[in-house]
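Structure assessment
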Amino acid sequence: MKRRVRRRGNNGKEVLPSYPENDDELTGSSDHRKKNELVDWTRLADDTVIQLFTRLNNRDRASLSSTCRAWKILGSSPCLWRSLDLRGHKCDANMAESLSSRCSSLQKLRFRGEESADVIIDLRAKNLKEICGDGCGRIVDATLSVIAARHEALESLQIGPDFCEKISSDTVKLIAKCCPKLRKLRLSGLRDVDANAMNALAKHCLKLVDLGFIDGMTLNEVGLGRIESLRFLSVAGTTDLDWTAVSQHWVKLPNLIGLDVSRTTLTPVVASRLLSHSKSLKVLCALNCTVLEEDTAFTYNTSKGTLLLSIFSDVFKALASLFGDVVKRETEVFSYWRTSIHKDKKVDDIMTWVEWILSHTLLILSESNSHDMDSFWISQGASLLLNLLTSSQEDVQERAATGLASFVIIEDEIANNVDVKRAEAVMHGGGVRILLNLATSWRNGFQAEVAKAIANLSVPPSVAKAFAVEGGIGILANLARSMDRVVVEEAAGGLWNMSAGEHKSVIAEAGGIKALVDLIFKWSPGNDCVLERAAGALANLAADDHCSLEFEVVGGVNSLVMLTRNCKSERVQEQAARGLANLAAHGDTNSSAVAVGQEAGAVESLLQLTHSAHEGVRQEAAGALWNLSFNDRNREAIATAGGIEVLVALANSSLNASASLQERAAGALWGMSVSEANSLAIGEGGGVTPLLKLARSNIEDVHESAAGAIWNLAFNSGNALRIMEEGGAPTLVYLCSSSGSKMARFMAALALAYMFDRRMDRDSVEALCAKTSKSMVLFSFSKSAFKAIEAFVHSFTDFSTFSATSSPAALTKIIDATRIREAGHLRCSMPEIGRFVAMLRSPSSALKACGAFALVQFTNSGGRHAMHHIKLLQDSGASRVLRAAAACANAPIAAKILAKIVLRNIENHCTM
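Nothing here was measured: the structure is a model prediction, and the numbers come from that model.

**Digging into the nonpolar core**
Among the nonpolar cores identified, the biggest contains 224 residues, and W711, F746 and F836 are the most heavily contacted of them. Beyond its immediate chain neighbours, meaning those up to four positions away, F836 contacts W711, L750, Y754, C828, G851, A854, L855 and F858.

This is the structure in structure tokens:
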């Protein structure tokens with residue numbers, strides 16, 4: 001239902017704005033204007049209220065009925081209770097009792113589930129003409145028998161499409177005796193329908209014109225041939241048909257004009273006999289009859305005028321022939337029929353039946369989703385479903401929407417595995433606008449199916465863009481505010497898919513972020529699918545810098561933290577942690593990381609999630625902690641909450657886990673180790689061992705994160721000794737020489753430089769030598785380390801081709817060759833910068849070159865923290881040391897040139 005903008009008056013009742021009717025009202029006193037500004041809805045005329053109620057679903061109707069006594073009486077008017085759809089409600093005896101007083105005039109009832117079937121007899125709706133139940137796979141004879149016995153006026157009874165294996169022929173026989181006015185009977189999944197049941201239908205139900213025994217096993221073909229009143233018959237999906245009896249007896253049915261044998265083993269011989277020998281048959285539907293389709297030699301005579309609807313025929317062309325030559329475009333045959341003023345009753349009945357059987361079979365085919373159907377779906381299947389979406393039959397519309405949601409999914413086991421060609425076939429067929437128009441339907445069940453179709457179809461970027469351009473994001477945001485759980489679930493799923501692409505800002509502008517946040521607060525834990533989809537959408541939106549700013553305004557951070565703390569679903573926890581990780585990833589660009597760190601319980605809940613049995617949860621929690629650790633306050637909050645011990649344990653437990661978890665576990669320790677106190681705590685807490693093991697990984701992202709953490713740890717002499725004791729030197733030499741990641745090689749080189757720049761105290765070194773029983777161990781390690789460092793620096797350019805007094809152009813060329821762009825994101829403290837400056841005084845040519853190379857990376861223009869590092873160099877008086885290194889006759893050419901580049905970087909920043 002479309003609602004106008006509403007405001008809430010002082011009396012607490014919802015009202016519509018009122019507008020002045022004359023100039024006196026415009027110029028009157030403020031009190032007078034205020035008095036005439038609002039109109040009380042409870043004063044509307046009774047006829048207007050009833051008309052309003054007819055536009056509402058059952059839930060909204062009940063809500064408005066509780067407004068006042070007058071509306072309660074009007075809400076019980078018999079004209080409002082001709083039809084009742086209970087599928088979205090849990091039916092029990094109490095509900096039946098509360099509804100029974102209103103159901104005296106009820107004629108049409110829809111329900112879902114055998115539990116609902118057990119209580120509908122308590123509605124005391126003796127005048128029911130139509131009953132339609134789905135989800136009744138476990139319904140038993142007794143229940144269906146009582147329903148039939150209590151509703152003798154029934155004209156239509158449909159139970160399906162589930163397999164009702166517990167319904168026997170005896171119940172079919174009883175239905176025939178109790179419901180003599182029956183015109184339509186459709187039952188699904190019956191094991192057997194014997195001759196007695198068929199005879200009872202032929203004897204008692206003389207008005208039976210539409211019969212369906214769908215997806216059953218066996219039925220008595222001879223007895224069925226005696227029901228002469230039949231005009232339409234469907235045995236689609238029946239597995240054990242006697243085709244000889246079919247061809248002998250069904251062709252004699254005098255009034256049969258429509259026969260559906262889809263998904264059966266129909267043979268070409270029987271198909272030809274049915275098409276040519278039946279005196280009345282106009283439509284034979286044989287979709288997905290594999291035996292018939294595999295016979296490439298099969299042909300049929302069209303001169304008789306009987307239509308064959310099949311995978312290999314043109315369904316639109318066949319149906320258009322029912323109207324002669326008046327249909328200009330065959331694909332518009334359904335719309336022509338629906339809008340035609342002068343209708344042929346016989347054709348009208350045929351098209352109505354065709355809509356129903358097509359929607360049923362196409363839904364079954366969409367759910368089985370065989371790759372053999374690709375050509376059919378793209379050529380006409382998608383277009384058929386779109387045409388059925390605009391049917392006047394509600395169940396046809398719903399099945400078409402469900403079919404659209406299903407047929408684009410290739411494999412249910414793989415999330416978002418959508419066939420792009422099928423989705424684009426819907427888009428090119430005008431499906432985007434059709435679905436969006438239908439998404440505003442007042443029928444919640446239909447809304448849910450349409451929202452699901454939009455969600456699945458919007459996975460391919462091209463189709464998602466089409467939905468966004470047509471205003472689909474705003475519609476999904478509105479659906480996310482629904483009171484119906486299923487509608488909300490599918491709308492959140494659509495926003496999740498949309499948020500994965502380029503439409504994040506559009507979602508924010510449409511109020512989607514607030515709608516998703518409100519949804520989380522509104523739907524308590526236990527509605528896991530709703531919460532997972534909402535959290536997944538928010539996680540995607542949190543990655544956008546602009547969208548992340550709105551999270552603080554609408555309570556987004558709090559909602560995600562609440563899920564990590566209170567929800568027990570691992571899928572929800574994973575998405576919520578991912579959302580916090582994405583918010584924290586913005587770092588210096590906005591305050592999102594600070595907001596997450598300051599949110600009560602955020603750090604503690606993320607640390608708790610690292611103990612989860614679900615690897616995805618641990619991975620996202622570790623990622624969030626890694627991103628948070630880049631902020632000083634967050635880093636210390638993590639440490640205060642016991643984060644060092646937790647993250648070391650996580651690194652140990654991740655050694656046999658996925659590469660993603662290993663990378664993030666090492667990354668979190670890398671971020672925490674920026675603080676010298678944390679670095680020492682990590683070393684003392686056993687963090688060196690797992691980090692070295694992760695540094696030996698063949699995955700670049702893993703050993704890069706581990707190398708970063710080891711580099712920070714190695715700054716402390718105690719940690720450097722631990723790294724030596726654990727055999728870290730060979731690991732770092734290997735990384736420095738062989739890693740495919742420039743950053744990993746760089747940080748391994750820095751860690752080696754820290755370890756062998758003579759900062760480790762002599763007693764510790766002697767103890768290490770004694771422990772290993774190798775008197776030359778330190779010399780051996782340092783020799784290989786210096787060799788690896790020197791080779792690393794020289795791997796970026798051939799410094800021998802440049803002179804110590806290189807021209808500015810030559811220096812620019814060297815800068816470009818040596819730049820490691822990722823290194824520009826690293827931030828060093830004063831002690832670290834001081835250590836690199838001290839290396840320039842070292843007698844080791846490798847350390848000189850390493851110190852100069854590092855300072856080049858940290859001061860290059862474009863680096864995030866270049867100005868910070870240059871200020872530290874200026875404050876420490878490093879320019880004098882740099883000039884000395886650049887002019888030193890005994891210094892290696894690489895150190896001279898690199899020192900000169902650092903000086904130029906300082907000068908360039910000073911003149912900016």
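**So, the packing of helix α28 (residues 528-542) against helix α30 (residues 556-566)**
Look at α28 against α30: their axes get within 11 Å of each other, and the N-to-C directions meet at 135°. Taken together, the axes of α28 and α30 lie oblique to each other. Of the two possible hands of crossing, α28 and α30 adopt the one that is left-handed. Residues L531, A535 and L538 of α28 form the contact with α30, whose participating residues are S559, L560 and L563.

**Brief notes about the side chain of S310**
Position of S310 among the secondary structure elements: in the loop between β15 (307-309) and α15 (315-320). Beyond its immediate chain neighbours, meaning those up to four positions away, S310 contacts A286, L287, V315 and Q380.

**Here we look at the pairing of strand β5 (residues 108-112)**
When strand β4 (residues 83-85) meets β5, the two strands line up parallel, connected through three bridges. Bridging across to β5, S83 finds its partner in K108. Crossover connection from β4 via helix α6 (residues 93-100) to parallel β5: handedness right-handed. Summarising the sheet, β5 and strand β6 (residues 130-134) pair through five bridges and their orientation is parallel. From the neighbouring strand, F111 faces β6, where its bridge partner is G133.

**Remarks on the environment of G403**
In this fold, G403 is placed in helix α19 (residues 394-407). On the basis of relative accessible area, G403 is assigned to the buried category, the value being 0%. For the pair G403 and I364, spaced 39 residues apart in sequence, the C-alpha to C-alpha distance is 8.0 Å. The residues touching G403, leaving out its near neighbours within four places in the chain, are L363, S366 and L385.

**Focus on helix α46 (residues 808-818)**
What α46 keeps buried is the set A810, L811, I814, I815 and T818. Considered in projection along α46, the buried side chains sweep an arc of 145° and stay on one side of the axis. Turned more than 90 degrees away from the buried face of α46, the exposed residues are A809, K813 and D816.

About the criteria used
- Residues numbered from 1 in each chain as written.
- Predicted model: local features only at pLDDT ≥ 70, side-chain atom pairs only at ≥ 80, totals over all residues.
- Heavy atoms only, no water.
- Core = buried A, V, L, I, M, F, W, Y, C linked by side-chain atoms within 4.5 Å.
- Buried < 20%, exposed > 50% of the residue type's maximum accessible area, 1.4 Å probe, protein only.
- Contact = heavy atoms within 4.5 Å.
- Axes fitted to C-alpha atoms, helices over the stretch in contact; angles between N-to-C directions.
- Helix = DSSP H or I, 4+ residues; strand = E, 2+ residues; numbered from the N terminus.
- Parallel < 35°, antiparallel > 145°, perpendicular 65-115°, else oblique.
- Left-handed = near helix turned anticlockwise from the far one by under 90°.
- Pairing = 2+ DSSP bridges.
- Right-handed = clockwise from strand over helix to strand, strands pointing away.
- Arc of directions from axis to C-beta.

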